[in-house]
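Here are the chains, one letter per residue:
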Number of protein chains: 2
Amino acid sequence: MSTFAAISKAADRLAGHARCTPLLSSPFLDDIAGRQVLVKAECLQHTGSFKFRGGWAALSALTPEQRSKGVLAYSSGNHAQGVAAAAAAHDAPAVIVMPQDAPAIKITNTRALGAEVVLYDRATEDRDRIGADLAQARGLTLVKPYDDEQVIAGQGTVGLEIADQAKALGITEADVLVCCGGGGLTAGVSIALKERAPDMAVHPCEPEGFDDVTRSLSTGEICRNATTSGSICDAILTPSPGDLTFPILKQTCASGIVVTEDEALHAMALAFTRLKIVLEPGGAVALAAALFHPDALSMPVAIAVATGGNVDPVIFAEALGKYG
Amino acid sequence: MSTFAAISKAADRLAGHARCTPLLSSPFLDDIAGRQVLVKAECLQHTGSFKFRGGWAALSALTPEQRSKGVLAYSSGNHAQGVAAAAAAHDAPAVIVMPQDAPAIKITNTRALGAEVVLYDRATEDRDRIGADLAQARGLTLVKPYDDEQVIAGQGTVGLEIADQAKALGITEADVLVCCGGGGLTAGVSIALKERAPDMAVHPCEPEGFDDVTRSLSTGEICRNATTSGSICDAILTPSPGDLTFPILKQTCASGIVVTEDEALHAMALAFTRLKIVLEPGGAVALAAALFHPDALSMPVAIAVATGGNVDPVIFAEALGKYG
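In this text, all values refer to a predicted model and were calculated from it rather than measured experimentally. (Residues numbered from 1 in each chain as written. Chains lettered and ligands numbered in written order. Predicted model: local features only at pLDDT ≥ 70, side-chain atom pairs only at ≥ 80, totals over all residues. Heavy atoms only, no water.)

Enquirer: Let's hear about the relation of the copies chain B and chain A: which residues, and what values?
Expert: Mapping chain B onto chain A is achieved by rotating through 180 degrees and translating by 0.0 Å along the same axis, at an RMSD of 0.0 Å. Taken together, the rotation and translation relating the two chain copies correspond to the operation of a two-fold axis. Scanning chain B for the C-alpha nearest the rotation axis identifies Ile277 of chain B, at a separation of 2.3 Å. In this assembly the copies share their binding face: 100% of the residues contributing to the interface of chain B also contribute to that of chain A. (Least-squares fit on C-alpha atoms with pLDDT ≥ 70 in both. Contact = heavy atoms within 4.5 Å.)

Here you go:
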């Protein structure tokens, strides 16, 4: 079971390897939000997203024998890069299974981080079959993107840092907004904050049309999205909360907040102008919630986790063109 | 005289107010440079540039009476915002004298930070005359952008942080590259490093056509630029090194490095892609030197100060379009 103790142990293993990312702010953002806004800039984490933490926690928890055989991940995105970089640093082989129509730059980057990329045809091949065959043949350990105890523990270290950094500013009460896909980060952060900053309320934040966690929390049962593609917030499009993450979210989180794609683009432009950080749409959803959904919040301080910055330059330019 | 003791005292006054900005890195940048590259991300400082440090150091060194009367600065850029924000936090009035054809957004931002903006007509009015009259009438203290002991001391705190952060990574020898206009930051950083990391060599970095410091160091005499406009690196266009800064630079710095505008744009795009930070052209000059001028460096580690991120979205989009 995912526990505070597991997060604490993961933090020890991540020390000196993951970056303690800064908590940024701007009076201009406070004015828009009508409250103090603090932004936990995980886009500045190694590989450009918080996923490096989960990858490191998973790799560092393996036995030497498991590590020498290597790990497997399915991802064309931030999880792939996080696992690849963490595996390379642990001298562990990493095999990343990606669709062959994934953007060339993502395939190139994942390979450059030292991973072996295995491509498959979405139309004719079964990803899980390919992965299972590879795992069995080579003895690889699967690192899931969110429904994995160690991954949740690694992402939870973001929550430990938020508690410490907020306390240093004299802040113990806050709405904490987290960009939410499968819920690994949100679950980890909420476990950490329940222990270290119990007066903070964690809100999962999602894009319109992909509000499975918000609906699941509202109904008390796992709800699914109608589709898993078709939003610019590609980093956080998952079919439903996970079997491990949902019971945690249900027990620890406040209500979800849903933002539009335009609000995400607007938040990206404001992060550019006011904080000088680069966010991808899925990484800007929590900041968008803090800025544009004041009615969903009840505390004088909002802490938004800016989860990642691996964005296509064309989409970034679109955000600047619209709102820069 | 600017001394290490003054920097140390400034650091005490800045503690808890200026951000200790992170030292970022990416294996992709190391590959380009052929050495380890560390980027001191001062674009993440309050007001988007290191200038906040000098502003804070100057404001916090005033007597209560001086503070209550207020300060004056000439600037349409980063120094204006740094002084305005520092003055507001010290409850001191700030008057910023700006040309009336300065970009509207800069005027708006400076006012929003609490300063009174006094506009003048470059063609028909004398900026120094206007400032001197205001200063005398109201008893304002002038805060110069670089030729000021306290400003140099404040900027020097960047050097203290570099020494500490590098040491934590086991690094004591490095080429340190600093974007250089009038030389306030470069002077402060080099004084700090001479004391705290004497095996580091500080290189002022400048854009082509505005290499007054490089030429001055090379000849041993203050050289001037032919013009003070006409480069996208607007943040660091000054006529010549200062009367206070040049003797320091001459005594403490290694040779200057000159980069092209295209190299600055390329460095901006790589900072976007690999570090997820926003740099303005003048703030990317040192990173450009680290990446594209390996022959000018002699150590296995290059530490580049990314000085600011207050960039026009159109110029940023141009960098992404060319090199993103």
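Moving on from the model shown.
Enquirer: I'd love a proper account of the domain arrangement of chain A, names of residues and values included.
Expert: All names here are of chain A. Assigned domains of chain A: these are domain 1 (4-50 + 148-323) and domain 2 (52-142). Of note, the centres of domain 1 and domain 2, computed from C-alpha atoms alone, are 24 Å apart. With both sides pooled, the region where domain 1 packs onto domain 2 buries about 1500 Å², and carbon together with sulfur makes up 55% of that total. Across the domain 1-domain 2 interface, the total number found is three salt bridges. One salt bridge in this structure joins Arg53 and Glu161, with 3.0 Å as the shortest N-O distance. Scanning the region where domain 1 abuts domain 2 turns up 13 residue pairs in polar contact (both at pLDDT 80 or more). It is helix H8 (residues 149-168) that contributes the most residues to the side of domain 1 that touches domain 2, seven residues altogether. Taken together, the residues of the side of domain 1 that touches domain 2 break down into seven nonpolar, 11 polar and eight charged. (Domains from an automatic or database assignment. Buried area = accessible area lost by both parts, 1.4 Å probe. Salt bridge = Lys/Arg side-chain N within 4 Å of Asp/Glu carboxyl O. Polar contact = N/O pair within 3.5 Å; in protein donor to acceptor, adjacent residues only side chain to side chain. Helix = DSSP H or I, 4+ residues; strand = E, 2+ residues; numbered from the N terminus. Nonpolar A, V, L, I, M, F, W, Y, C, P; charged D, E, K, R; others polar.)

Enquirer: With reference to specific residues and values, describe the UniProt feature "domain: Tryptophan synthase beta chain-like PALP" (unreviewed entry) in chain A.
Expert: Under the UniProt annotation, the feature "domain: Tryptophan synthase beta chain-like PALP" (unreviewed entry) is placed at residues 17-302 of chain A. End C-alpha to end C-alpha, residues 17-302 of chain A measures 28 Å, and it is 45% helix and 15% strand. (UniProt positions renumbered as here; feature names shortened; annotations may be inferred.)

Enquirer: Outline helix H11 (residues 245-252) of chain B, listing residues and values.
Expert: Residues and elements named next belong to chain B. Listed in full, the buried residues belonging to H11 are Thr245, Phe246, Ile248, Leu249 and Thr252. Down the axis, H11 shows its buried residues gathered within 160 degrees of arc, on one side only. Those residues of H11 hidden inside the fold are in contact with helix H8 (149-168), helix H9 (184-196) and helix H10 (212-219). (Buried < 20%, exposed > 50% of the residue type's maximum accessible area, 1.4 Å probe, protein only. Arc of directions from axis to C-beta.)

Enquirer: With reference to specific residues and values, describe the interface of chain B and chain A.
Expert: Between chain B and chain A, the contact holds 27 residues from the first and 27 residues from the second. Interface area for chain B against chain A, summed over the two sides, is near 2100 Å², with a carbon-plus-sulfur share of 70%. Counting the contacts that link chain B with chain A gives 10 residue pairs in polar contact (both at pLDDT 80 or more). Looking at the side of chain B that touches chain A, the elements that each hand over two or more residues are strand S1 (23-24), helix H2 (27-33), helix H6 (104-112), helix H12 (261-275) and helix H14 (313-323) of chain B. For the side of chain B that touches chain A, the per-class residue count stands at 17 nonpolar, seven polar and three charged.

Enquirer: Go over the pattern of salt bridges with me, naming the residues and quoting the values.
Expert: Residue and element names in this part refer to chain B. Under the criterion given, the structure shown has 22 salt bridges over all chains. Across the pair Asp101 and Arg122 runs a salt bridge whose closest N-O atoms are separated by 3.0 Å. Placement of the pair is Asp101 in the loop between strand S4 (94-99) and H6 and Arg122 in the loop between strand S5 (116-120) and helix H7 (127-138), with a sequence separation of 21 residues. For the residue pair Asp101 and Arg122, the accessibility class agrees, reading exposed in each case. Across the pair Asp234 and Lys106 runs a salt bridge, and its minimum N-O distance is 3.6 Å. Of this pair, Asp234 sits in the loop between H10 and H11 while Lys106 is found in helix H6, placing the two residues 128 residues apart along the sequence.

Enquirer: Talk me through the environment of Gly282 of chain B; I want residue IDs and the actual numbers.
Expert: By the element assignment, Gly282 of chain B lies in the loop between H12 and helix H13 (285-292). Remark: the alpha-carbon pair of Gly282 of chain B and Ser25 of chain B, spanning 257 residues in sequence, is separated by 20 Å.

Enquirer: I'd like a rundown of the pairing of S4 of chain B, residues and numbers included.
Expert: All names here are of chain B. Taken across its six residues, S4 has six buried, putting it largely inside the fold. Taking every second residue as pointing to the same face, both faces of S4 are buried, with Ala94, Ile96 and Met98 on one and Val95, Val97 and Pro99 on the other. Pairing between strand S3 (residues 71-74) and S4: four bridges, direction parallel. Across the sheet, Tyr74 pairs through a bridge with Val97, a residue of S4. Handedness of the β-α-β unit built from S3, helix H5 (residues 78-89) and S4 comes out right-handed. Regarding topology, H6 serves as the crossover connection from S4 to the parallel S5, and that connection is right-handed. (Pairing = 2+ DSSP bridges. Right-handed = clockwise from strand over helix to strand, strands pointing away.)

Enquirer: Quick one: what's the story with the side chain of Ser60 of chain A, residue by residue and with numbers?
Expert: Residue and element names in this part refer to chain A. Along the chain, the position of Ser60 falls in helix H3 (residues 51-60). In this structure the side chain of Ser60 is engaged in a polar contact, spanning 2.7 Å, whose partner is the backbone oxygen of Trp56. Side-chain polar atoms of Ser60 contact the backbone oxygen of Ala57, separated by 3.2 Å. Discounting chain neighbours no more than four positions away, the residues touching Ser60 are Arg13, Arg67 and His90.

Enquirer: Can you tell me about unusual backbone geometry, naming the residues and giving the values?
Expert: Residues and elements named next belong to chain B. Even without being glycine, Thr47 reaches a positive phi, approximately 65 degrees. Topologically, Thr47 is positioned in the loop between strand S2 (36-41) and helix H3 (51-60). Thr47 sits in the buried class, given a relative accessible area of 17%.

Enquirer: For the pairing of strand S3 (residues 71-74) of chain A, give the residues involved together with the corresponding values.
Expert: All names here are of chain A. Of the two faces of S3, the one lined by Val71 and Ala73 and the one lined by Leu72 and Tyr74 are each fully buried. Summarising the sheet, S3 and strand S6 (residues 141-142) pair through two bridges and their orientation is parallel. Bridge pairing links Val71 to Thr141 in S6.

Enquirer: Can you lay out the nonpolar core for me, pointing to particular residues and giving the numbers?
Expert: Ranked by size, the top nonpolar core spans 84 residues in total, and within it Ile277 and Phe316 of chain A together with Ile277 and Phe316 of chain B carry the most contacts. With near-sequence residues (within four places) excluded, Phe316 of chain A lies in contact with Met268, Phe272, Val278, Leu279 and Val311 of chain A together with Phe272, Phe316 and Leu320 of chain B. (Core = buried A, V, L, I, M, F, W, Y, C linked by side-chain atoms within 4.5 Å.)

Enquirer: Lay out the side chain of Glu42 of chain A in plain terms, naming residues and giving numbers.
Expert: Residue and element names in this part refer to chain A. Mapped onto the elements of the fold, Glu42 is located in the loop between strand S2 (36-41) and H3. Here Glu42 falls in the buried class, since its relative accessible area comes to 0%. Among the polar contacts listed, one links the side chain of Glu42 to the side chain of Thr21, at a separation of 2.7 Å. Within polar-contact distance, the side chain of Glu42 engages the side chain of Arg53 at 2.5 Å. When neighbours within four sequence positions are excluded, Glu42 is seen to be in contact with Thr21, Gly48, Ser49, Phe50, Arg53, Val158, Val305, Ala306 and Thr307.

Enquirer: Give a description of the packing of helix H1 (residues 4-14) of chain B against H8 of chain B that names residues and reports values.
Expert: All names here are of chain B. Running from amino to carboxyl end, H1 crosses H8 at an angle of 80 degrees, the nearest separation of the two axes being 8 Å. When the axis of H1 is compared with that of H8, the two are roughly perpendicular. For the pair H1 and H8, the contacting residues are Phe4, Ala6, Ile7, Ala10, Ala11, Arg13 and Leu14 in the first and Gln150, Ala153, Gly154, Gly156, Thr157 and Leu160 in the second. Grouping the constituent residues of the contact of H1 with H8 by class yields eight nonpolar, four polar and one charged. (Axes fitted to C-alpha atoms, helices over the stretch in contact; angles between N-to-C directions. Parallel < 35°, antiparallel > 145°, perpendicular 65-115°, else oblique.)

Enquirer: Which residues make up the packing of aromatic side chains, and what are the values?
Expert: Geometrically, a pair of aromatic rings is defined through the distance of the ring centres and the angle of the planes. All names here are of chain A. Under the defined criterion, the tally for this structure stands at seven aromatic pairs over all chains. Look at Phe52 and Trp56: their rings are 5.6 Å apart centre to centre, the planes differ by 45 degrees, and that puts the pair in the tilted class. Residue Phe52 and its partner Trp56 are both found in helix H3; the two are separated by four residues, about one turn of the helix. Take Phe52: its relative accessible area is 5%, and that puts it in the buried class. A centroid spacing of 6.0 Å and a plane angle of 70 degrees characterise the contact between Phe272 and Phe316, whose relative ring orientation is edge-to-face. (Phe/Tyr/Trp six-rings, centres within 6.5 Å; stacked < 30°, edge-to-face > 60°.)

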